[in-house]
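What the coordinates show
Each chain, written out:
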Amino acid sequence: MSESDTMRAVEVPEAGADFDVVEKPVPEPDADEVRISVEACGVCHSDEMTKEGVYPRIEFPRVPGHEVVGRIDAVGEDVEEWEAGERVGVGWHGGHCFTCDACRRGDFINCEHAEVTGLDFDGGYAEYTVAPHEALAAVPDELDAADAAPLLCAGITTFNALRNSDARPGDLVAVQGVGGLGHLGIQYAHAAGFEVVALSRGTEKKERALALGADHYVDTEATAAAEELQELGGASVVLATAPSAPAIESVVGGLGADGEVIAVGIPGEPVGVHAGALVGVRGSVSGWASGTARDSQDTLEFSALRDVTPEIETFDLGDAQDAYEKMLASEVRFRAVLEP
Ligand SMILES: [Zn+2]
Ligand SMILES: [Zn+2]
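Calculation criteria
- Residues numbered from 1 in each chain as written.
- Chains lettered and ligands numbered in written order.
- Predicted model: local features only at pLDDT ≥ 70, side-chain atom pairs only at ≥ 80, totals over all residues.
- Heavy atoms only, no water.
- UniProt positions renumbered as here; feature names shortened; annotations may be inferred.
- Helix = DSSP H or I, 4+ residues; strand = E, 2+ residues; numbered from the N terminus.
- Buried < 20%, exposed > 50% of the residue type's maximum accessible area, 1.4 Å probe, protein only.
- Contact = heavy atoms within 4.5 Å.
- Areas by Shrake-Rupley, 256 points an atom, 1.4 Å probe, with all protein chains shown as cover.
- Salt bridge = Lys/Arg side-chain N within 4 Å of Asp/Glu carboxyl O.
- Phe/Tyr/Trp six-rings, centres within 6.5 Å; stacked < 30°, edge-to-face > 60°.
- Patch = residues over 30% accessible without salt bridge, like charges linked within 9 Å, V, L, I, M, F, W, Y side chains within 5 Å.
- Pairing = 2+ DSSP bridges.
- Axes fitted to C-alpha atoms, helices over the stretch in contact; angles between N-to-C directions.
- Arc of directions from axis to C-beta.
- Parallel < 35°, antiparallel > 145°, perpendicular 65-115°, else oblique.
- Left-handed = near helix turned anticlockwise from the far one by under 90°.
- Nonpolar A, V, L, I, M, F, W, Y, C, P; charged D, E, K, R; others polar.
- Donors = N, O, S within 2.8 Å, 3.2 Å for Na, K, Ca; no water.

The chain is annotated in an unreviewed UniProt entry as Alcohol dehydrogenase of Halarchaeum rubridurum. The UniProt entry for the chain carries the following comment under Cofactor (unreviewed entry): "Zn(2+)".

Pasting the structure below:
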């Protein structure tokens, strides 16, 4: 047990309610779980699912947070691969059953009983949290906790989407949106050896995008993104990070042969695409969701190797409401991180 029996945590008391800063008992890990002393937890747009209760299995009160970084401070009796004192992170994928059909095929992300951190169980907006052993990623020493936190969601989502695409070094890869996901996507695409195009509205983010590793910048207010991509030879991949259907629709015409638009930001409305624009180039529009704990660890290790870091603003745990509202209003450059 920790020094005191209680901890500070931020709870959503009921669907749609504001966050409550509470004192509650420090959780005990089950036999297959570890307890983590939380050093940092990112504030993600998907925390809205906890806050608004738009998740079928959610029970309240619930502590949000699926970008958790800290140190193991207690280990359940059945856990063999982790020890107290180790630095770990927990992302969106909060564990799987090992026995369903998807798990038997090693496809843990599609587990029928997959759990989501901060939705199915309490997440990282707290001084301590517990997580299943299979949901843990080791955090390299080179990474600060606050820098590592957003890599467990925004980072893994963009890194894993790109590395599982068919794009090869030298191919044209566009990153649409220079925000929480996009500013990491540009860095990963650059580090992976692609020719990188940043797509964003206006010129405000141009210098930032080029400094992050973009080779080209397209102001999508001034020019048509699809035409610009065709000028450059056609994109192998467009990583669509902006949660906007019109934005996704506007880049389909920019795909080269076998090109793919990969949506990682989720628009509230359906995306309409002319099949003709896909048939002509054998193109596709697809989606990608984060990854498993080992994918998280790969993301962290690659980020340490190639110096990929998020731009963050840190907040005290007690200021979670403020951090969340700024995140929703896109007033944070580019990811908000709570430090308990
Ligand atoms: Zn997230
Ligand atoms: Zn399963």
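Let's shift gears to the overall build of the chain. Helix and strand counts for the chain come out as 10 helices and 15 strands. Over its C-alpha atoms, taken along the principal directions, the chain stretches across nearly 60 × 40 × 40 Å. When burial is assessed residue by residue, the chain has 54% of its 340 residues classed as buried. Of all intrachain contacts in the chain linking residues separated by at least 6 positions in sequence, the fraction that spans at least 24 positions is 66%. When the accessible surface of the chain is totalled, it reaches about 14,600 Å², and 45% of it is carbon and sulfur.

Now for the pattern of salt bridges. As enumerated under the stated definition, the model contains 19 salt bridges in all. A salt bridge links Lys51 to Glu52, with the shortest nitrogen-to-oxygen separation between them at 4.0 Å. Residue Lys51 is classed as buried on the basis of its relative accessible area, which comes to 4%. Residue classification places Glu52 among the partly exposed positions, given a relative accessible area of 36%. Residue Arg57 is joined to Asp120 by a salt bridge in which the shortest nitrogen-to-oxygen separation is 2.9 Å. Here the residue Arg57 occupies a position in the loop between helix 1 (48–51) and strand 4 (68–75), and Asp120 occupies one in the loop between helix 2 (101–104) and strand 6 (128–132), the gap between them amounting to 63 residues. The class of Asp120 is buried, set by a relative accessible area of 15%.

Now for the packing of aromatic side chains. Tallied over the full model, the rule gives 6 aromatic pairs. Between Phe19 and Tyr125, the aromatic rings sit 5.7 Å apart at their centres with planes inclined by 65°, giving edge-to-face as the arrangement. Taken together, the residues span a long stretch of sequence, with Phe19 in the loop between strand 1 (6–11) and strand 2 (20–25) and Tyr125 in the loop between helix 2 and strand 6 at a distance of 106 residues. Considered together, Phe19 and Tyr125 belong to a single accessibility category, that of buried residues. With centroids separated by 5.2 Å and ring planes inclined at 80°, the aromatic side chains of Phe19 and Tyr324 adopt a geometry described as edge-to-face.

Looking at the element boundaries, Val175 is found in strand 8 (residues 172–176). Residues Val175 and Leu199 lie 24 residues apart in sequence; the distance between their C-alpha atoms is 6.1 Å. Apart from residues no more than four positions distant in its own chain, Val175 is found in contact with Gly182, Gly185, Ile186, Val197, Ala198, Leu199, Leu239 and Thr241.

We now examine a nonpolar patch on the surface. The grouping of Val271, Val273 and Val285 at the surface amounts to a nonpolar patch, some 170 Å² of accessible area in total. As for its position among the elements, Val271 is in the loop between strand 12 (255–263) and helix 8 (275–279). A residue is classified by how much of its surface remains accessible, and Val271, at 35% relative accessible area, is partly exposed.

What follows covers the sheet that holds strand 9 (residues 195–200). A sheet is described by the order of its strands in space; here 6 strands give the open sequence 10-9-8-11-12-13, paired in parallel fashion. Each edge of the open sheet is held by one strand with a lone partner, namely strand 10 (216–219) and strand 13 (284–287). Sheet twist, expressed as the average angle between the axes of neighbouring strands with direction ignored, equals 20°. Inspection of the sheet shows strand 12 paired to strand 13 by 4 bridges, in the parallel sense. Opposite Ala263, over in strand 13, you have Gly287 as the bridge partner. Relative to strand 11 (residues 235–240), helix 3 (residues 145–163) is tilted by about 160°, and along the sheet it contacts strand 8, strand 11 and strand 12.

A word on helix 10 (residues 320–328). Every buried residue of helix 10 is listed here: Ala320, Gln321, Ala323, Tyr324 and Met327. Seen from one end, helix 10 has its buried residues packed into an arc of 165°, which puts them on one side. If you follow the buried residues of helix 10, they end up packed against strand 1, strand 3 (33–43), helix 1, strand 14 (312–316) and strand 15 (335–339). Looking one or two places after helix 10, you find Ser330, whose phi comes out positive at around 55°.

Time to look at the packing of helix 3 against helix 4 (residues 182–191). Axis separation between helix 3 and helix 4 bottoms out at 9 Å; the angle between their running directions is 45°. Comparing their axes, helix 4 and helix 3 come out oblique. Along this stretch, helix 3 crosses helix 4, giving a crossing that reads as right-handed. On helix 4, the residues touching Leu151, Ala154, Gly155, Thr158, Phe159 and Leu162 of helix 3 are Leu184, Gly185, Tyr188 and Ala189. When the residues that make up the contact of helix 3 with helix 4 are grouped by side-chain class, the tally is 7 nonpolar, 3 polar and no charged.

With that out of the way, let us pick up the coordination of the zinc ion (ligand 1). Bound to the zinc ion (ligand 1) on the protein side are Cys44 (SG), His66 (NE2) and Cys153 (SG), at distances that span 2.0 to 2.2 Å. All donors of the zinc ion (ligand 1) belong to a single chain; written as a sequence motif, their spacing is C-x21-H-x86-C. Highlighted residues: His66 in the loop between helix 1 and strand 4 and Cys153 in helix 3, separated in sequence by 87 residues. For the pair formed by His66 and Cys153, the shared burial category is buried.

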